[in-house]
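# Structural overview
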Amino acid sequence: QVQLVESGGGLVQAGGSLRVSCAASGRALSRYAMGWFRQAPGKEREFVAAISRSGGNSYYADSVKGRFTISRDNAENTVYLQMNSLKPEDTAVYYCAASNSGNYYYKAFYDYWGQGTQVTVSP
């Protein structure tokens with residue numbers, strides 16, 4: 001019912017910044033809580049950040065807290081993840097996901113997923 005497309009990934013040096021975007025089509029983005037997950041080669045997909053339907057509440061993994069900021073623009077059907085002070089361990093494919101439920105931390109609660117965008121942080 002909603003299609004998600006990530007963009008904005010790339011190669012940056014440690015300490016740099018990137019903003020990745022997730023554009024939605026189909027149903028209005030305001031109907032969903034939104035999350036960002038990431039997956040490094042050979043690793044499990046892990047929670048990064050999430051935001052409530054209205055944008056009033058945000059949640060972060062401890063590993064990115066204070067460095068990453070999630071935001072949403074429901075009028076533009078877009079969710080963003082601003083990544084500052086990037087570290088090599090942030091290197092991964094970043095996925096956005098949409099959830100009909102209100103539990104933000106687990107993959108099982110998300111109903112729709114994008115194809116991902118690669119973020120690579122060099123030392």
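Okay, so let's go over this structure. (Residues numbered from 1 in each chain as written. Predicted model: local features only at pLDDT ≥ 70, side-chain atom pairs only at ≥ 80, totals over all residues. Heavy atoms only, no water.)

### Brief notes about the pattern of salt bridges
For the record, the criterion: The salt bridge criterion pairs a side-chain nitrogen of Lys or Arg with a carboxyl oxygen of Asp or Glu, the two atoms within 4 Å. Buried, partly exposed and exposed residues are distinguished by accessible area as a fraction of the type maximum, computed with a 1.4 Å probe on protein chains only: under 20%, between the cut-offs, and over 50%, respectively.
If you walk through the whole model with that rule in mind, you get four salt bridges. With a shortest N-O distance of 2.7 Å, Glu 46 and Arg 38 are connected by a salt bridge. Under the relative-accessibility criterion, Glu 46 is labelled partly exposed at 36%. The closest approach of N and O atoms between Asp 62 and Lys 65, which form a salt bridge, is 3.3 Å.

### Topic: the environment of Ile 70
We apply this condition: Numbering of helices and strands runs from the N terminus, with a helix taken as a DSSP run of H or I at least four residues long and a strand as a DSSP run of E at least two residues long. Working rule for contacts: check all heavy atoms of both residues, and any pair within 4.5 Å makes them a contact.
Inspection of the secondary structure puts Ile 70 in strand β7 (residues 68-73). The class for Ile 70 is buried, based on a relative accessible area of 4%. Expressed as a C-alpha distance, the spacing of Ile 70 and Ser 21, which sit 49 residues apart in the sequence, is 9.9 Å. Excluding residues within four positions of it along the chain, Ile 70 makes contact with Met 34, Trp 36, Ala 49, Ala 50, Ile 51, Ser 58, Tyr 60, Val 79, Tyr 80 and Leu 81.

### Comments concerning a nonpolar patch on the surface
Heads up, the condition is: For patch detection, residues must exceed 30% relative accessible area and be free of salt bridges, and they are connected within 9 Å for like charges or within 5 Å for nonpolar side chains (Val, Leu, Ile, Met, Phe, Trp, Tyr). Here the accessible surface of atoms and residues is derived via Shrake-Rupley with a 1.4 Å probe, and residues count as covered only by protein chains that are part of the display.
A contiguous nonpolar patch, built from Tyr 105, Tyr 106 and Phe 109 and spanning about 320 Å² of accessible area, is present on the exposed surface. Relative to the helices and strands, Phe 109 is located in the loop between β9 (92-99) and β10 (112-113). With relative accessibility at 33%, the residue Phe 109 sits in the partly exposed group.

Purely geometric stuff here, so don't read any function into it on its own.
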